[in-house]
Amino acid sequence: MTHTVVSINNLTCRYGDFTAVKDLSFEVNQGEIFGFLGPNGAGKTTTLRTMMDFIRPDGGSIEVFGIDTRAEPEAIKARVGFLSSELVLWENWNGEQYIRWLEKVRHKPMLEEAQRLAQLLDFEMKRSLQGMSTGMKRKIGVIAALAHKPELLILDEPSIGLDPLMQQVFEELMIEVREEGRTVLLSSHDLSEVEAICDRVAIIREGELQTVENVANLTRLAFRWMNLTFKDEAAPIEGFDRINGVTDISTENGELRMRVSGDADMDTLIKHIAQYPVKDLQFDHPTLEEIFLTYYGREA
Amino acid sequence: MQPLMRKFVRDSRKTLIWTAIGVGVYVAMIMSFFPTIAEQGDQFNEILETYPEEIIATFYSGDIADFKIDDPAIFLQTEAVIWIILIMGGMITQQVLGGTINAERENKMDLLLSLPVSRREVLLGRVVNSAVFSLVGLTAIFLPVVLVQPFMESFHIAPDKLALGIYTGFFLLMVQASLTFALTSISPSHTRWAGPLAFTYFFGAYLLMAFAPSIDWIDTISPLFIFKYYNMAEIINNGLEMTDVLVMAVVSVALLGVAFWRFEKKEIAV
Ligand SMILES: Nc1ncnc2c1ncn2[C@@H]1O[C@H](COP(=O)(O)OP(=O)(O)OP(=O)(O)O)[C@@H](O)[C@H]1O
Ligand SMILES: [Mg+2]
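**Here's the deal with helix α4 (residues 41-49) of chain B**
All names here are of chain B. Residues G41, N45 and L48 constitute the buried set of α4. An end-on view of α4 places all buried positions within 60° of arc, on one side of the element. Facing away from the buried side of α4 by more than 90 degrees, the exposed set consists of D42, Q43 and E46. For α4, the secondary structure elements touched by its buried residues are α3 (34-39) and α5 (53-59).

As structure tokens, this is what we get:
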């Protein structure tokens, strides 16, 4: 039986006359890593801040652990670790002092876990937070959100500022959280990040839910742009256009560019390419917008 | 609750300590001028009688007929207390803004409210911080006077009267703090009027008070100014007017009521 941890029901949020979130509904189940994906200004932060009762719904409601966010926000926050996308810290402290203070506010031991996380994330707990780089500050934000072992993590663009190595550590930490049966809801506008760890994603655009999908399905729908350059002149388009799953072929400045779908006939494609003297081969990930279009193209 | 309060007080402890030291040194220094003034009291009072009433009213809000610069309480009020109250009022206003609406704008309120603490607790912590600041500042006036006056023949105010006179200023400072809390809770953080309005009220009320004796319409609206309800020298010389204290206490509690009620409903950093 799946157990619902977050349930967003017909949520609408307005800023003055502007509607930032429109009639949004989705659920997050216990033990999953749920991605909340959308381009800039889609309404992700608005939704997450409403979950934390910083702002209030203009319509609909949110329940976390079956508790309405308007009714008992403190009861929810005691069980949630939150990381803001615009994290600002009290800079007169160092990491350890901050965590010790959080222990007192939360009435939970945190320091030992925080030290373990700090080691993994390569963060110095005794260094003053003042003058720390953006990424360093994000690390203590992640540590503070995780160290009390909350049942639910609400992370607004957790990987901003993390370098690729730290990004990987972060992903491993999320998987560890899931293995312990805890739940993660994280927002992002980067599909590849979400692909790497999430089980399901909700895609939001201009305040409206586009789809809730298993990541596996989304990836199947996804495609890549393949860019080829050759030692001599570019290979002719003819021949490529007969391969299954290859479309939108063009040449520009001696570069051959084509769209390769997730279920393309790769074997034939590679063998076809091999007939020509290849100088370089590159893949571009599709943008979110392109994914949306593909998604709707298939649906229609 | 306590970790929150301790954090707020701790965060402002440097300002607190240096303000207290500054106030203490200033009061002790001003007192050292008193023997000269007391010796030539008649001459000073004669000169001061030639001053326009408005000028006297800028540093003495009481009955100008009672104004005698060689009276220890009046001397202390006009030369030190009024200015210190003005400075502290400005600082408290700034502190309240920093702890509320500015914290929202800087996204620091999100950090606090993502913890299992209620908005009521956060605001209460801030109010306690303002109260601590007021009391420490007033003590920095009180202590030097008590400590220095045994060494001065001409200067004597009974410590109990002095305490009553000085610490009643707490109510004035808390009215200003409460007003600022109320304004910051009412106004969305993207608007910019809460701070300017709080400062304008405080310093404007002080400046307008000066014209109350000579301009009728200002005199008519003068009950709206907090400085009307507190004058340390009058409390020491003529006793405490309970209605003044009551007005300040009631207004302060009412404004705090508004602040707590609106903060509960407020959308943070919007
Ligand atoms: N305080 C505010 N006042 C007015 N409009 C706002 C406010 N905050 C956000 N908005 C608007 O609401 C919309 C949704 O913003 P939101 O911050 O939720 O987007 P987001 O999905 O988090 O975007 P990003 O990826 O850039 O963080 C945007 O169009 C934004 O301009
Ligand atoms: Mg955002």
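Now that the structure has been shown, we can carry on.
**Quick word on the side chain of A:N227**
Residue and element names in this part refer to chain A. Turning to its location among the elements, N227 is positioned in strand β11 (residues 223-230). Note on N227: relative accessible area 6%, which makes it buried. Side chain to side chain, N227 and R257 meet in a polar contact 3.0 Å long. Residues within four places of N227 in sequence aside, it is in contact with E255, L256, R257, D280, L281, Q282 and D284.

**Focus on the sheet that holds strand β12 (residues 246-252) of chain A**
Residue and element names in this part refer to chain A. Within the open sheet, the four strands sit side by side as β12-β13-β11-β14. Their pairing is antiparallel. Looking at strand neighbours, the two that pair on one side only are β12 and β14 (278-284), the edges of this open sheet. In this sheet, adjacent strand axes meet at a mean angle of 20° when their direction is disregarded. Sheet topology places β12 next to strand β13 (residues 255-261); five bridges connect them, and they run antiparallel. Note that in β13 the partner of S250 across the bridge is R257.

**Overview of the interface of chain B and chain A**
You'll often see interface size given as the accessible area lost when the parts meet. Between chain B and chain A, the contact holds 26 residues from the first and 26 residues from the second. Counting each side, the surface lost to burial between chain B and chain A is near 2,400 Å², with a carbon and sulfur contribution of 57%. By the criterion of area lost to chain A, the three top residues of chain B are B:K7, B:L111 and B:P116, representing 23% of everything that side buries. Linking chain B with chain A are one salt bridge. B:D110 is the partner of A:R49 in a salt bridge, and the nearest nitrogen-oxygen pair spans 2.8 Å. On inspection of chain B and its partner chain A, the count reaches 13 residue pairs in polar contact (both at pLDDT 80 or more). If you list the elements that add at least two residues to the side of chain B that touches chain A, you get α1 (2-11), α8 (108-113) and α15 (242-265) of chain B. Per-element accounting of the side of chain B that touches chain A gives the leading share, six residues, to α1(B). Classifying every residue of the side of chain B that touches chain A by side-chain character gives eleven nonpolar, three polar and twelve charged.

**Topic: the domain arrangement of chain A**
All names here are of chain A. Domain parsing of chain A yields domain 1 (4-217) and domain 2 (222-296). The centre of domain 1, based on its C-alpha atoms, is set 37 Å off from the matching centre of domain 2. Of the roughly 850 Å² buried where domain 1 meets domain 2, counting both sides, 67% is carbon and sulfur surface. Together, L191, R205 and Q210 form the three largest contributors to the area buried by domain 1 at its contact with domain 2, with a combined 46%. Joining domain 1 to domain 2, the criterion identifies zero salt bridges. Linking domain 1 to domain 2 there are zero residue pairs in polar contact (both at pLDDT 80 or more). Of all the secondary-structure elements, those providing two or more residues to the side of domain 1 that touches domain 2 are β9 (200-205) and β10 (208-214). Across the side of domain 1 that touches domain 2, the residue classes break down as five nonpolar, four polar and two charged.

**Regarding the packing of helix α6 (residues 72-99) of chain B against helix α12 (residues 194-211) of chain B**
Between two packed helices, the angle of one axis relative to the other and the distance separating the axes together describe the packing. Residue and element names in this part refer to chain B. Between α6 and α12, the shortest axis-to-axis distance is 10 Å and the interhelical angle comes to 170°. Judged by the inter-axis angle, α6 sits roughly antiparallel to α12. Judged by residue contacts, I82, W83, I85, L86, G89, G90, T93, Q94 and L97 of α6 engage A194, G195, A198, F199, F202, F203 and Y206 from α12. Considering only residue class, the contact of α6 with α12 consists of eleven nonpolar, five polar and no charged.

**Focus on the packing of aromatic side chains**
According to the stated counting rule, one finds 20 aromatic pairs over all chains in the structure shown. Seen from their ring centres, A:W93 and A:W101 are 5.5 Å apart, and the 50° between their planes marks the pair as tilted. Each member of the pair A:W93 and A:W101 is classed as buried. Taken together, a centroid distance of 5.2 Å and an interplanar angle of 75° make the contact between B:F202 and B:F203 edge-to-face. The exposure class of B:F203 is partly exposed, given its relative accessible area of 31%. Grouped by ring-pair contacts, the aromatic residues B:W83, B:F199, B:F202, B:F203, B:Y206 and B:F227 constitute a single cluster. In this structure, A:R257 is placed above the aromatic ring of A:W225, and the distance from its NZ or CZ to the ring centre is 4.4 Å. Geometry around A:W90 places B:K7 over its ring, the cationic atom sitting 4.1 Å from the centre.

**Digging into the site of ligand 1**
The immediate surroundings of ligand 1 are formed by 14 residues, with A:G41, A:G43, A:K44, A:T45 and A:T46 found nearest. Looking at the residues close to ligand 1, they fall on chains A and B. One nitrogen or oxygen atom from the main chain of A:K44 is found 2.8 Å from an oxygen atom belonging to ligand 1. In this structure, an oxygen atom belonging to ligand 1 sits 2.5 Å away from a side-chain N or O atom of A:T46. Relative to its unbound accessible area of 630 Å², ligand 1 is 65% covered by the protein chains. When residues of the shell around ligand 1 are traced back to their parent elements, those giving at least two are β2 (18-29) and α1 (44-51) of chain A.

Rules behind the numbers
- Residues numbered from 1 in each chain as written.
- Chains lettered and ligands numbered in written order.
- Predicted model: local features only at pLDDT ≥ 70, side-chain atom pairs only at ≥ 80, totals over all residues.
- Heavy atoms only, no water.
- Buried < 20%, exposed > 50% of the residue type's maximum accessible area, 1.4 Å probe, protein only.
- Helix = DSSP H or I, 4+ residues; strand = E, 2+ residues; numbered from the N terminus.
- Arc of directions from axis to C-beta.
- Contact = heavy atoms within 4.5 Å.
- Polar contact = N/O pair within 3.5 Å; in protein donor to acceptor, adjacent residues only side chain to side chain.
- Pairing = 2+ DSSP bridges.
- Axes fitted to C-alpha atoms, helices over the stretch in contact; angles between N-to-C directions.
- Buried area = accessible area lost by both parts, 1.4 Å probe.
- Salt bridge = Lys/Arg side-chain N within 4 Å of Asp/Glu carboxyl O.
- Nonpolar A, V, L, I, M, F, W, Y, C, P; charged D, E, K, R; others polar.
- Domains from an automatic or database assignment.
- Parallel < 35°, antiparallel > 145°, perpendicular 65-115°, else oblique.
- Phe/Tyr/Trp six-rings, centres within 6.5 Å; stacked < 30°, edge-to-face > 60°.
- Lys NZ or Arg CZ within 6 Å of the ring centre and 35° of its normal.
- Near = heavy atom within 4 Å.
- Areas by Shrake-Rupley, 256 points an atom, 1.4 Å probe, with all protein chains shown as cover.

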